[in-house]
Amino acid sequence: MLIYKLGRRYMLRTSIAMRASQFAELPAPTGRVVFFGDSITEGGLWDEWFPQVRPVNRGIGGNTVDDLRARLDTAIDAPAAVFLLVGTNDLGLGQTPGQVAENLRGLVAEIRERAPHAPLFVQSVMPRRVKFAERIRELNSVVREIAAQGDAVYIDLWPALADVNGALRQEFTRDGLHLSGAGYAAWIEVLRPRIAALRLER
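Residues numbered from 1 in each chain as written. Predicted model: local features only at pLDDT ≥ 70, side-chain atom pairs only at ≥ 80, totals over all residues. Heavy atoms only, no water.

Trainee: Tell me what's going on with the nonpolar core, and back it up with residues and numbers.
Mentor: Of all hydrophobic cores here, the largest spans 32 residues; its most connected members are Phe-36, Ile-76, Leu-84, Leu-104, Leu-107, Ile-111 and Val-122. Every element with two or more residues in this core is listed here: strand 1 (33-37), helix 4 (65-70), strand 3 (81-85), helix 6 (97-114), strand 4 (120-123) and helix 7 (133-149). Counting residues in hydrophobic clusters, the runner-up holds 26 residues, among them Val-33, Leu-168, Trp-187 and Leu-200. (Core = buried A, V, L, I, M, F, W, Y, C linked by side-chain atoms within 4.5 Å. Buried < 20%, exposed > 50% of the residue type's maximum accessible area, 1.4 Å probe, protein only. Helix = DSSP H or I, 4+ residues; strand = E, 2+ residues; numbered from the N terminus.)

Trainee: I'd love a proper account of helix 9 (residues 181-197), names of residues and values included.
Mentor: The end-to-end C-alpha separation of helix 9 is 24 Å, in line with the 24 Å expected for 17 residues at 1.5 Å each. Largest kink in helix 9: about 40°, centred on Leu-191, with the proline Pro-193 one to four residues after it. (Expected span 1.5 Å × (residues − 1). Bend = angle between axes of the 7 residues up to and from the residue.)

Trainee: Describe empty space enclosed by the protein, listing the residues and the values that go with them.
Mentor: A complete count under the given rule lists 1 cavity of 30 Å³ or more for this structure. Roughly 40 Å³ of volume is contained in the largest cavity. Lining the largest cavity are Asp-38, Ile-40, Leu-85, Val-86, Gly-87, Thr-88, Val-125 and Met-126. Residue composition of the lining of the largest cavity, grouped by class: 5 nonpolar, 2 polar and 1 charged. (1 Å grid on protein atoms, 1.4 Å probe; cavity = no way out; pocket = protein on both sides within 12 Å on 5 of 7 lines; lining within 4 Å. Points joined across faces, edges and corners; volume = space filled by probe spheres on them. Nonpolar A, V, L, I, M, F, W, Y, C, P; charged D, E, K, R; others polar.)

Trainee: Could you give an account of the environment of Ile-136, with specific residues and numbers?
Mentor: Relative to the assigned elements, Ile-136 resides in helix 7. Here Ile-136 falls in the buried class, since its relative accessible area comes to 0%. Note: C-alpha distance between Ile-136 and Pro-55 (81 residues apart in sequence) is 27 Å. Once you skip the residues sitting within four places of it in the chain, Ile-136 turns out to touch Leu-91, Val-125, Met-126, Pro-127, Arg-128 and Trp-158. (Contact = heavy atoms within 4.5 Å.)

Trainee: Explain the environment of Glu-42 to me, using residue names and the numbers behind them.
Mentor: Mapped onto the elements, Glu-42 comes out in helix 2 (residues 39-42). Residues Glu-42 and Ala-133 lie 91 residues apart in sequence; the distance between their C-alpha atoms is 23 Å.

Trainee: Would you mind going over the pattern of salt bridges in detail, with residue names and values included?
Mentor: Taken as a whole and judged by the stated rule, the model has 6 salt bridges. One salt bridge in this structure joins Arg-105 and Glu-102, with 3.9 Å as the shortest N-O distance. With a gap of 3 residues between them, Arg-105 and Glu-102 both fall in helix 6, about one helical turn apart. In this structure, the salt-bridge partner of Arg-192 is Glu-189, at a minimum N-O distance of 3.1 Å. Highlighted residues: Arg-192 and Glu-189, both in helix 9, separated by 3 residues, approximately one helical turn. For Arg-192, a relative accessible area of 34% translates into the label partly exposed. (Salt bridge = Lys/Arg side-chain N within 4 Å of Asp/Glu carboxyl O.)

Trainee: How would you explain unusual backbone geometry if you had to name every residue and give the values?
Mentor: For Arg-54, which is not a glycine, the phi torsion comes out positive at approximately 50°. Mapping Arg-54 onto the fold places it in the loop between helix 3 (46-49) and strand 2 (56-59). With a relative accessible area of 51%, Arg-54 lands in the exposed category. A positive phi is found at Ala-78, a non-glycine position, where the angle reads about 50°. You can see Ala-78 is positioned in the loop between helix 4 and strand 3.

Following this line, the structure appears as structure tokens:
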């Protein structure tokens, strides 16, 4: 079992490094709608869900807030809009909601500095297994404030994805963390009016 776990960790680290190295070889997307986050963002087929806005996927599995801050140069450069989702891995690694919020505050400030006029959407941390529910709720209460302070729009994903106990709905996941197709479809319905309201240059 230990060898299996070590093998999975090695594969995850390799996958993260390989994806990040591709981004490092590509110019940061300008004039595009950027989805920026961790594995939940990475797993979204954004160009198929929202082909009308030509979105760019800058999600990397396993990423924390600090990881996103470290790769801003490859993600944010005069974007048309930014949809940010991050924080669940930080909690999973044992950070407190307060620690995650403090780091997120810095990330939002840096994105706003790099893209002062772009619409910025800060999404709530999604529900996962019920044991995380209280910490995620605590974090999201601060994420809402961080968005307001950063001249960003807060998007609350909790009503669309959480069950009555605060866990990710069973029909939306297979592992209690990542989204199934039905989970992405529910998320997309929350984002659809935000995307529709964007006034993008063609």
